[in-house]
Amino acid sequence: TKACSLACRHCRASAQPDPSPGELSTAQGRALLDQIAALDGPGPILVFTGGDCLARSDIFELVVYARGLGLRLGVAPSVTERLTRESLARLYDEGVRALSISLDGASPATHGTLRGIPGHFDQTVAALATAHEMGFRVQVNTTVMASNASELADVLSLLRRVGVAIWEVFFLVGV
C-alpha cells in the first residue's frame, strides 16, 4: 500500500494518507502470493512494506495466507499509531520473525525533521527495543543525506544499545 500517516521528505513510496484506488484487493494479493510460492529455486523472503504495510486492513490475513504457503516473511512497517505491542505480538504469533524500521538520525531533531512527525525519534527507538525484546530479527534502515551523515557513528552506537544486529545504509539518489 502507499497509505502511511508519516510525512517523510525522502519517501520513495510516494506515501499518502489513504490507499490508492488501484491497490491489490485481498484476492489479488492472495493470487500474487500463490505466484511467489510457485517460483522455482530457493524460497524467497517476502517483505510486506509500503507506505505502511499495517495500513492494509487485510495485512494479518495476507501474512497468515503467506505463511500457509510456506513463505518466509518479514515486515517493514512505518512507526505510526498502528505499530503497537499488540500488532507486533500478532505478527510474531503469525510467524513473522524479521522486521525492519527506518531510523534516519541519532537525535530527535535530525530524525524528526526527516520524518515530519514530532516525537517520532522516541517512538522509533521504543519500537526497536520492543521488537528486539519480543524476539524479532530487527534491521534498521538509514538513508544517508548531508543532514545526517555526521551522526552515523552515533546511530551505530544507538543500534548496539537497543540490540539491533542488522543495519542497512542507503544513499539517497534524487530522481
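Scroll up for the structure.
Here's what I pulled together on the structure shown here. (Residues numbered from 1 in each chain as written. Predicted model: local features only at pLDDT ≥ 70, side-chain atom pairs only at ≥ 80, totals over all residues. Heavy atoms only, no water.)

## Looking at the overall build of the protein chain
Helix and strand content of the protein chain: six helices and five strands. Going from N to C terminus, the protein chain has its helices and strands arranged as α-β-α-β-α-β-α-α-β-α-β. For 175 residues, the compact-globule estimate of 2.2 N^0.38 gives 16 Å, and the protein chain sits close to it at 16 Å. Dimensions along the principal axes, computed over C-alpha positions, put the protein chain at roughly 45 × 35 × 30 Å. Surface accessibility of the protein chain: about 9,100 Å² in total, with carbon and sulfur atoms responsible for 55%. Positive and negative side-chain charges of the protein chain, numbering 15 and 17 respectively, have mean locations separated by a distance of 3 Å. (Helix = DSSP H or I, 4+ residues; strand = E, 2+ residues; numbered from the N terminus. Rg over C-alpha atoms; globule rule 2.2 N^0.38 Å. Areas by Shrake-Rupley, 256 points an atom, 1.4 Å probe, with all protein chains shown as cover. Lys, Arg positive; Asp, Glu negative; His and termini not counted. Charge placed at Lys NZ, Arg CZ, Asp CG, Glu CD.)

## Points about the sheet that holds strand S5 (residues 166-171)
Pairing is parallel across the open sheet formed by five strands, whose spatial order is S1-S2-S3-S4-S5. Each edge of the open sheet is held by one strand with a lone partner, namely strand S1 (45-48) and S5. For this sheet, the mean inter-axis angle between neighbouring strands, taken without regard to orientation, is 25°. For S1 and strand S2 (residues 72-75), the ladder comprises four bridges, and the chain directions are parallel. (Pairing = 2+ DSSP bridges. Axes fitted to C-alpha atoms, helices over the stretch in contact; angles between N-to-C directions.)

## Re the nonpolar core
By size, the foremost hydrophobic cluster in this structure holds 36 residues, and its most contacted members are Phe 48, Leu 128 and Phe 136. The greatest single-element share of this core, amounting to six residues, is contributed by helix H5 (residues 120-134). Residue contacts for Phe 48: discarding those within four places in its chain leaves Leu 33, Cys 53, Ile 59, Leu 62, Val 63, Ala 66, Leu 73, Gly 74, Val 75 and Ala 76. (Core = buried A, V, L, I, M, F, W, Y, C linked by side-chain atoms within 4.5 Å. Buried < 20%, exposed > 50% of the residue type's maximum accessible area, 1.4 Å probe, protein only. Contact = heavy atoms within 4.5 Å.)

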